[in-house]
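These are the residues of each chain, in order.
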Amino acid sequence: MTQRMLEITSPNFIPEERLAEIDDLRTLFGNDRPLVLEIGCGIGDFIAQLAAGDPGRNYLAIDIYNKGCLKTCRRIDEAGLQNVRVLRMEARFLLARHLRAETLSAVYINCPDPWPKKRHRGRRLVNREFLQTLLYYLVPEGNLFFCTDFVDYAEDVAALLPTLEGYRNVLAEPFALELAGYPHSKYMRRFLELGQPIHFVHHRKAPGFRADESLLPPVTQGFRVRWQQVENG
Ligand SMILES: C[S@@+](CC[C@H](N)C(=O)[O-])C[C@H]1O[C@@H](n2cnc3c(N)ncnc32)[C@H](O)[C@@H]1O
């Protein structure tokens, strides 16, 4: 199915063509405050709450869903937030092509597509390679937040993280059913109202850990990665 492309004219939306002229995404904000990335921002209700409560950090909200980017921009514009920029971009592509090592003070991944069928599990974004990749982009002691309404996804991610040298669990347990002060998206609220829990994982990059570029998994696989662009630039 082809997505109908809705034009996004918000000043906070950064079209892909503009990225070619931007050497460092941190310059999008005109200040050097810590940079936070939300992957799969959906309709932007999480990032709008987070960024409004934390003007001291800059936020990149990305999604591959054009209408979601449009709704996120509307929300950000209406709230008058100065510290959010929205990009329609695939996560692995953005990291590989547009971000520098150790530039993200936090990464948020909320309710990523669960791919519940067993035969589709390989399409899940958050796997060993992706977690390893994130280590390269997180600043020392940068935070990784992941949450999901699918318990087996939470269990998988919570079990993978301790096997990666660079992460330390911030929680006393592999995952929690609540994180104090963590905003809820409409999507999360829908599950919570039905009595279905959201599972939260919170890890931090170990202080002395340096992710070596040579250990970065190649961006040559993954459902939704745009092969053409990754391979041909
Ligand atoms: C289930 S929705 C959750 C949206 C939002 N995080 C929330 O909690 O309301 C997952 C979102 O991730 C986006 N997405 C899926 N794979 C992605 C990828 N590889 N890169 C960027 N966004 C992605 C989808 O388009 C969708 O908007």
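Because the structure is predicted, anything quoted here is derived from the model rather than measured.

*Asks:* For this particular structure, what's the right way to read the UniProt feature "binding site: S-adenosyl-L-methionine" (unreviewed entry) in the chain?
*Replies:* Residues annotated by UniProt as "binding site: S-adenosyl-L-methionine" (unreviewed entry) correspond here to Glu38, Asp63, Glu90 and Asp113. Of the residues just listed, which span 76 residues, no C-alpha pair is farther apart than 14.2 Å, and they cluster in one region. Inspection of the secondary structure puts Glu38 in strand β1 (residues 35-39). Beyond its immediate chain neighbours, meaning those up to four positions away, Glu38 contacts Phe46, Ile47, Leu60, Ala61, Ile62, Tyr108 and Asn110. Turning to its location among the elements, Asp113 is positioned in the loop between β4 (104-110) and α5 (128-137). Residue classification places Asp113 among the partly exposed residues on the basis of a relative accessible area of 42%.

*Asks:* Would you mind showing me how to read the state of the cysteines here?
*Replies:* Overall, the coordinates contain zero disulfides when judged by the stated rule. With no disulfide partner, Cys69 has as its closest neighbouring cysteine sulfur the one in Cys41, 5.3 Å distant. We classify Cys69 as buried; its relative accessible area is 0%. No disulfide involves Cys147; its nearest neighbouring cysteine sulfur is the one of Cys111, lying 4.3 Å away.

Cut-off values and rules
- Residues numbered from 1 in each chain as written.
- Predicted model: local features only at pLDDT ≥ 70, side-chain atom pairs only at ≥ 80, totals over all residues.
- Heavy atoms only, no water.
- UniProt positions renumbered as here; feature names shortened; annotations may be inferred.
- Helix = DSSP H or I, 4+ residues; strand = E, 2+ residues; numbered from the N terminus.
- Contact = heavy atoms within 4.5 Å.
- Buried < 20%, exposed > 50% of the residue type's maximum accessible area, 1.4 Å probe, protein only.
- Disulfide = S-S within 2.5 Å.

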